[in-house]
Amino acid sequence: MAVNELPPPKDLNDSGALIVGGTAGIGLATARRLAAVGVPRIVIAGRNEKRGEYAAALVAQSGAKVTFVRGNAIDPDSARAMAREAESILGGIDILVCSTAAEVRPELFADIPMEDIARIYTHLALPSMHMASEVLPMMRQRRHGVIINVASDAAKIATPGESVIGAAKAGIVMFTRTIAIEAKRDGVRANVLTPSLVLETASTERITRDGFSAKLFAKAAQQAQLGVPVADDIAALAVFLCSPAAARLTGQAISVNGGISAA
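Reference entry: report on the structure contained in this document. (Residues numbered from 1 in each chain as written. Predicted model: local features only at pLDDT ≥ 70, side-chain atom pairs only at ≥ 80, totals over all residues. Heavy atoms only, no water.)

**Considering the overall build of the protein chain**
Counted only if it meets this: Helix and strand assignments come from DSSP, with helices taken as H or I runs of at least 4 residues and strands as E runs of at least 2, each series counted from the N terminus. In this treatment the radius of gyration is a C-alpha quantity, and the globule benchmark scales as 2.2 Å times the residue count to the 0.38 power. Burial classification: accessible surface area is computed with a 1.4 Å probe over protein chains only, and a residue below 20% of its type maximum counts as buried, one above 50% as exposed, and the rest as partly exposed. Contacts between residues were defined by any pair of non-hydrogen atoms, one from each residue, lying within 4.5 Å.
When you go through the protein chain residue by residue, the secondary structure sums to eight helices and seven strands. A compact globule built from 263 residues should have a C-alpha radius of gyration of about 18 Å, and the protein chain, at 18 Å, falls within 12% of that. Viewed in the frame of its principal axes, the protein chain has a C-alpha envelope of about 55 × 40 × 40 Å. The 263 residues of the protein chain split such that 50% are buried. In the protein chain, the share of contacts with a sequence separation of at least 24, taken over all contacts with a separation of at least 6, comes to 76%.

Structure below.
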C-alpha cells in the first residue's frame, strides 16, 4: 500500500459500533439493524441505566455482543469517558452514531424565555460535537471510520416554532459536513440524517401531544403522502451509510420524511 493510499473500507461483520442515544427511538433501531446485518460488537450509550440494559438485551438477541455504557454526552467529561470506555470494550470504534434527544418542543421565539435559549441550543447541538471530539482522532489514527449524526429537517427549512431548534440542528449539519471534509484524507466518512416526524419515538409523541407544536406537525403529517417514517426507516439508511457500499458517500445531509418536503 502506498504511503497515501487508504486501507479498504472495513466490513460491517468486522466492525465495532458506538451508538450514543441508543436506548430508544432511532438510535435503538439503528443498533438493532446493525446487529442484524452482522456487526459483532456494539456499545449502547445513554443516560438511563434501566432503559439501557433493556435495550442492550434486545439488540443482543441478534447475536452481537452488546454492552451498555451510562453517560451524558452534553457533559464533556462524561462524553470523553463514554468514548474511552467504548474504545476499550470494542477494541476500536469503527462506527459512531449519535442520535440523542432533548426535552424540548417547538415554540414561537417570542414565547421562549431568554434564559432557556442556551439550554435548548446546547442540549441539542453539543452531544454530536463532544462525541466526535474524542472519537474522531482515534479514527483518523487508524485511517478508517464512519460517523453518523442525526439532526432534523429543521436544519434546512425555516419553520415557525423551530428558531432555536433549527439553529442547533443546522449547527449539527454544518459541523458534520465540515469534519467530513477535514477527515476524508484519513479515510473517515461523516454524514447526517435529517428526518422530520418519526413515528413511535418519544420526541414525536412529545411534540404532537398538544399545544402549538401539535398543530404544526399535524399539518406536516398531511404532506407525508408516502407515509410518515418510523425509526426503522431512518435506521435502514444509517446502516447503508455505515457499510462499504457507501464508501464514497460523505458530507451529506439526507432527509427521510415521506414527502413532507424536498429539502
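**Overview of the sheet that holds strand β5 (residues 145-150)**
Where we set the bar: Note: two strands are recorded as paired if DSSP finds a minimum of 2 bridges between them. Note on method: axes are straight lines fitted to C-alpha atoms, helices fitted across the in-contact stretch only, with angles between N-to-C directions ranging 0 to 180 degrees.
Pairing within the open sheet is parallel, and its seven strands lie in the order β3-β2-β1-β4-β5-β6-β7. Looking along the sheet, the strands with just one partner apiece sit at the ends: β3 (65-70) and β7 (253-254). Strand direction decides the pairing type here: strand β2 (residues 41-46) and β3, joined by six bridges, are parallel. Among the inter-strand pairings, V43 is bridged to a residue of β3, identified as T67. Here helix α5 (residues 163-183) sits on the sheet and contacts β5, β6 (188-193) and β7; the angle it forms with β6, its principal contact strand, is near 160 degrees. Contacts between helix α8 (residues 231-242) and the sheet are confined to β4 (95-98), β5, β6 and β7, with β6 contributing the most and set at about 165 degrees to the helix.

**A word on the nonpolar core**
Note the threshold: Buried Ala, Val, Leu, Ile, Met, Phe, Trp, Tyr and Cys residues that are joined via side-chain atoms within 4.5 Å together make up what is termed a nonpolar core.
In terms of nonpolar packing, the biggest core is built from 36 residues, with L34, I42, I44 and V59 touching the most fellow members. Sorting the residues of this core by element identifies β1 (16-20), α1 (25-36), β2, α2 (49-60), β3, β4, β5 and α8 as the ones contributing at least two each. Looking at this core, the element that brings in the most residues is α8, giving eight residues. Grouped together as the second largest cluster of nonpolar side chains are 26 residues, V43, A79, M82 and A86 included.

**Considerations on α2**
Rules: By this rule, a helix spans an expected 1.5 Å times one less than how many residues it contains. Directions from the helix axis toward the C-beta atoms define the arc. Any pair of N or O atoms that falls within 3.5 Å is considered a polar contact. Within protein, one atom must be able to donate a hydrogen and the other to accept it, and sequence-neighbouring residues count only if both atoms are side-chain atoms.
Compared with the 16 Å implied by 1.5 Å per residue over 12 residues, the 16 Å span of α2 between its first and last C-alpha is a close match. Those residues of α2 not exposed but buried are G52, A55, A56, L58 and V59. Seen from one end, α2 has its buried residues packed into an arc of 160 degrees, which puts them on one side. Exposed and facing more than 90 degrees away from the buried side of α2 are K50 and Y54. The inward-facing, buried residues of α2 abut α1, β2 and β3. Capping the start of α2 is the job of one residue whose side-chain oxygen sits 3.1 Å from the backbone nitrogen of K50: N48.

**Points about the packing of α1 against α2**
How we decide: Roughly parallel means an angle under 35 degrees; roughly antiparallel, over 145; roughly perpendicular, 65 to 115; everything else is oblique. Take the far helix as the reference: if the near one is turned anticlockwise from it by less than a right angle, the crossing is left-handed, and if turned clockwise, right-handed. Note that Gly is not counted as nonpolar here; it falls among the polar residues with everything else outside the nonpolar set of Ala, Val, Leu, Ile, Met, Phe, Trp, Tyr, Cys and Pro and the charged set of Asp, Glu, Lys and Arg.
Contact geometry for α1 and α2: axes closest at 9 Å, N-to-C directions at 30 degrees. Considering the angle they form, α1 stands roughly parallel to α2. Seen along the crossing, α1 lies across α2 with a hand that is right-handed. Contact with α1, carried on its side by L28, A31, R32 and A35, involves A55, L58 and V59 of α2 and no other residues of that element. Looking at side-chain class alone, the contact of α1 with α2 contains six nonpolar, no polar and one charged residues.

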